[in-house]
Amino acid sequence: MDFFQATFIKVGGKMKTIELNDFKRIGQTQIYVYQTNRLCSNRYLLLDKDAGILMIDSGDGEDKLDFKPTLCLLTHGHFDHTSGVESDWKVYISDKEDPALPYINIPKNAKKFENNLIKFGRFLIEIIPTPGHTPGSVCFFEKNNKVLFSGDTLFANGAYGRTDLGGSDIEIRKSLKKLLSLNYILLCPGHGEIEQRR
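Residues numbered from 1 in each chain as written. Predicted model: local features only at pLDDT ≥ 70, side-chain atom pairs only at ≥ 80, totals over all residues. Heavy atoms only, no water.

Undergrad: What should I look at first to understand the side chain of T75 in this one?
TA: Summarising the element assignment, T75 is placed in the loop between β8 (71–73) and α1 (79–82). A distance of 2.8 Å separates a polar atom in the side chain of T75 from a polar atom in the side chain of D57. With residues near it in sequence (within four places) discarded, T75 still touches I56, D57, H81, G136, S137, V138, F140 and G151. (Helix = DSSP H or I, 4+ residues; strand = E, 2+ residues; numbered from the N terminus. Polar contact = N/O pair within 3.5 Å; in protein donor to acceptor, adjacent residues only side chain to side chain. Contact = heavy atoms within 4.5 Å.)

Written out as structure tokens, the structure reads:
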């Protein structure tokens, strides 16, 4: 697959504006990705003509969107995933995230997940607690397309997230085992390449 890579550019002191059409479609799905080459999470959009725009992870806040997502889900609380959240967004994060840990930035308007399934138009998203990278890390499994949004828990080629910033080696190993038991066909991690499961 051909994925869009963007570089952060500030022109005349202004933030780069990202438009909806800057996101690259993933295969034949209605799922899109925006990636940069800086320390910023991948941002994913799930588009549904009736429900609107669901965003997974908001990025580092170093650029600006020219649209507002209907709903934003955060995989964990590190700043490079949460700092793009605007104050008028509807946003959710795990209540297990610890704001006292290093690099955690929980948006003031973030609410805790109310249950473990979210129906968003044609998408059905299971929220899977995956502590280890951080205590409140979660992954999102989109059941209809069999796509796993793994945040910083699991990356392409079997790499996994660091645990030395308030995480746990024991917990991340349990979480990885849980993820590998899922029948996903596409891995959409928090950073780096998207991977088709063999």
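Undergrad: What is the right way to read helix α2 (residues 169–180) from this model?
TA: Quick reminder: α-helices carry 3.6 residues per turn. Residues three or four places apart thus point the same way. Between the first and last C-alpha of α2 there are 17 Å, a value that for 12 residues agrees with the 16 Å anticipated at 1.5 Å per step. Buried within α2 are the following residues: I172, S175, L176 and L179. Buried positions in α2, seen along its axis, are confined to an arc of 100° and lie on one side of it. In α2, the exposed residues that point more than 90 degrees away from the buried face are I170, R173, K174 and K177. Of the surrounding secondary structure, the elements contacted by the buried residues of α2 are β13 (138–142) and β14 (147–151). Looking at where α2 begins, the residue whose side-chain oxygen comes 3.4 Å from the main-chain nitrogen of I170 is S168. (Expected span 1.5 Å × (residues − 1). Buried < 20%, exposed > 50% of the residue type's maximum accessible area, 1.4 Å probe, protein only. Arc of directions from axis to C-beta.)

Undergrad: What is the right way to look at the environment of D57 in this model?
TA: Among the secondary structure elements, D57 is positioned in the loop between β6 (52–56) and β7 (63–65). For D57, a relative accessible area of 2% corresponds to the buried category. Taking C-alpha positions, D57 is 6.1 Å from L73, a pair spaced 16 residues apart along the chain. Those residues in contact with D57 that sit more than four places away from it in its chain are S41, N42, R43, L73, L74, T75 and H81.

Keep in mind these values describe shape, not function.
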